Amino acid sequence: ALTLDRLELSNSSRWTTMAAAATRILMRRPTAIFLNASRLDYDKALDFSRLQRITDLTINSVDAMTDSDEIANLVNSSKAEIIITKEMEVPLSAVQKFSSNVKLMCEAGTGYNNIPIADARTRGIDVCNIPTYSTESVAHMVITYIMNFSAAIFQQAKMLHEGNQSNFKVFQHPIYEITNKKLGLIGGSGTIGTAVADVALPLGMEVLISSRSGRLPKGHKYENNDRVKVVPLDELLSLSDFVSINCPLNSETRHSIGEREIRLMKPTAFLINTARGAIINEAELINCMQNKVIAGAGLDTQEVEPPAADSELWTLDNVFLTPHIGWRRLETRQRLVDMTTDNIESYIAGKIKNVVN
């Protein structure tokens, strides 16, 4: 028969074993490398201390790496188990050269089209991302463009920078109230599109959302809002005063906004892209803007970032570029570091999350 002393000893041994296992998990500090940390921490203002506590972290202070061999050599020489990138293309040829040490690739952002996720999976590498770190920041970028376009701020600033003060004598730009203007959201039922609507509606705007199904997802917060209408894409384009692209980039959306779509827009309308540059057919956009088909375009994202030095985007007076700053606000970038750390912490604990492959 099992005596009380033997039972207590058995339980004590079990708890000791469990505690030892838990300690091993807590003490495990896998090797990690951030391949292009300067893309995120370009001003050295971010706090990586929590990530450094749970990993043996190497911070490679460059904005990007392009050479496949250089990427693979750096990863392998660091003996990294975890690779972190920010909007940096990791070529298939680099992934194929990674040692078997590599088990996790963390994209410090939402989009992961820069990583060959299927091939990573065949090599037993999990790829995870951060789905929602910049929702409000990107939504505010859309509204910033709308506010600037409605008051011709960009155009007026350009005149002053060129030494042209004639606007102070005879005002030369059409400017508008945004109350009751129509804002068309392509991909507007998603997280960021909804956040744009959260700001636009209190400003008095009407919101149009494109949907193939003709309705918002069941339970969507604006499902029964009188100032939010769901319409086909062509109708959205033809009715909107401002069109904002907020959909993901995939095989269906790549170059889905081209000359045909832009010519459906009002000549007084503005196109805004804070999603991914390749959703717009850039060559066709340039042609439309050269011919003044619409009033202006605000591009926080471009098909190639930055555009080529000889790109006509730089010289068009009705196209306004920002260097993909929707996610770059200080608080947004620190949140991104913290949420990347959350992903890695979950991986160490054996409960990996936000896996995309």
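Before reading on, note that the structure itself is shown above.
Residues numbered from 1 in each chain as written. Predicted model: local features only at pLDDT ≥ 70, side-chain atom pairs only at ≥ 80, totals over all residues. Heavy atoms only, no water.

We now examine the overall build of the protein chain. Broken down by element type, the protein chain carries 12 helices and 12 strands. In terms of its C-alpha atoms, the protein chain occupies a principal-axis envelope of roughly 95 × 50 × 35 Å. For the protein chain, with 357 residues in total, the buried portion stands at 46%. Looking at the protein chain alone, contacts between residues at least 24 apart form 67% of all its contacts between residues at least 6 apart. For the protein chain, the computed accessible surface area is about 17,800 Å², with 53% contributed by carbon and sulfur atoms. (Helix = DSSP H or I, 4+ residues; strand = E, 2+ residues; numbered from the N terminus. Buried < 20%, exposed > 50% of the residue type's maximum accessible area, 1.4 Å probe, protein only. Contact = heavy atoms within 4.5 Å. Areas by Shrake-Rupley, 256 points an atom, 1.4 Å probe, with all protein chains shown as cover.)

Let us look at the packing of aromatic side chains. This structure, assessed with the given rule, holds 8 aromatic pairs. Geometrically, the ring pair formed by Tyr 145 and Phe 154 is tilted, given 5.7 Å between the ring centres and 50° between the ring planes. What makes Tyr 145 buried here is its relative accessible area of 1%. Residues Phe 149 and Phe 154 carry aromatic rings whose centres are separated by 5.6 Å and whose planes lie at 70° to one another, so their mutual orientation is edge-to-face. Since its relative accessible area comes to 1%, Phe 149 is described here as buried. Residue classification places Phe 154 among the partly exposed residues on the basis of a relative accessible area of 22%. (Phe/Tyr/Trp six-rings, centres within 6.5 Å; stacked < 30°, edge-to-face > 60°.)

The next point concerns the pattern of salt bridges. Within the structure shown, the criterion is met by 17 salt bridges. Residue Arg 28 pairs with Glu 81 through a salt bridge whose shortest N-O separation is 3.0 Å. Of this pair, Arg 28 sits in the loop between helix H1 (4-27) and strand S1 (31-34) while Glu 81 is found in the loop between helix H3 (68-77) and strand S3 (82-85), placing the two residues 53 residues apart along the sequence. According to the relative accessible area criterion, Glu 81 is buried, its value standing at 15%. The closest approach of N and O atoms between Arg 263 and Glu 259, which form a salt bridge, is 2.9 Å. Relative accessible area serves as the criterion here: at 25%, Glu 259 is assigned to the partly exposed category. Via salt bridges that share partners, Arg 39, Asp 63, Lys 86 and Glu 87 belong to a single interconnected network. (Salt bridge = Lys/Arg side-chain N within 4 Å of Asp/Glu carboxyl O.)

Moving on to the sheet that holds strand S4 (residues 104-107). Strand order in the open sheet formed by 5 strands is S2-S1-S3-S4-S5, and the pairing between neighbours is parallel. The strands lining the two open edges of the sheet, one partner per strand, are strand S2 (56-59) and strand S5 (126-128). Sheet twist, expressed as the mean angle between neighbouring strand axes with direction ignored, is 15°. Examined bridge by bridge, S1 and S3 share 3 bridges and lie parallel to one another. Within S3, the position partnered with Phe 34 by the bridge is Ile 84. (Pairing = 2+ DSSP bridges. Axes fitted to C-alpha atoms, helices over the stretch in contact; angles between N-to-C directions.)

What follows concerns helix H6 (residues 135-150). A rise of 1.5 Å per residue sets the reference length of H6, with its 16 residues, at 22 Å; its end C-alpha atoms lie 23 Å apart and thus fit the reference within 8%. Of all 16 residues making up H6, 12 are buried, and the element is well covered by its neighbours. Positive backbone phi, approximately 55°, marks Ala 152, located one or two places after H6. (Expected span 1.5 Å × (residues − 1).)

Where H6 meets helix H8 (residues 191-200), the closest approach of the two axes is 8 Å, and the angle between their N-to-C directions is 55°. Comparing the axis directions of H6 and H8 gives the class oblique. Once H6 is placed against H8, the crossing between them reads as right-handed. Touching Thr 135, Val 138, Ala 139, His 140, Val 142 and Ile 143 of H6 are Thr 191, Ile 192, Ala 195, Val 196, Val 199 and Ala 200, all from H8. Here the residues of the contact of H6 with H8 are counted per class, giving 9 nonpolar, 3 polar and no charged. (Parallel < 35°, antiparallel > 145°, perpendicular 65-115°, else oblique. Left-handed = near helix turned anticlockwise from the far one by under 90°. Nonpolar A, V, L, I, M, F, W, Y, C, P; charged D, E, K, R; others polar.)

Attention shifts here to the pairing of S2. Note that S1 and S2 share 4 bridges and pair parallel. Counterpart to Phe 34 in the pairing with S2 is Ile 59. Between the parallel pair S1 and S2, the chain is carried across by helix H2 (residues 49-54), and the sense of this crossover is right-handed. (Right-handed = clockwise from strand over helix to strand, strands pointing away.)

Here the focus is the side chain of Ser 210. Looking at the element boundaries, Ser 210 is found in strand S7 (residues 206-210). Contacts of Ser 210, omitting those with residues within four sequence positions, involve Leu 185, Ile 186, Gly 187, Val 231, Leu 233 and Leu 236.

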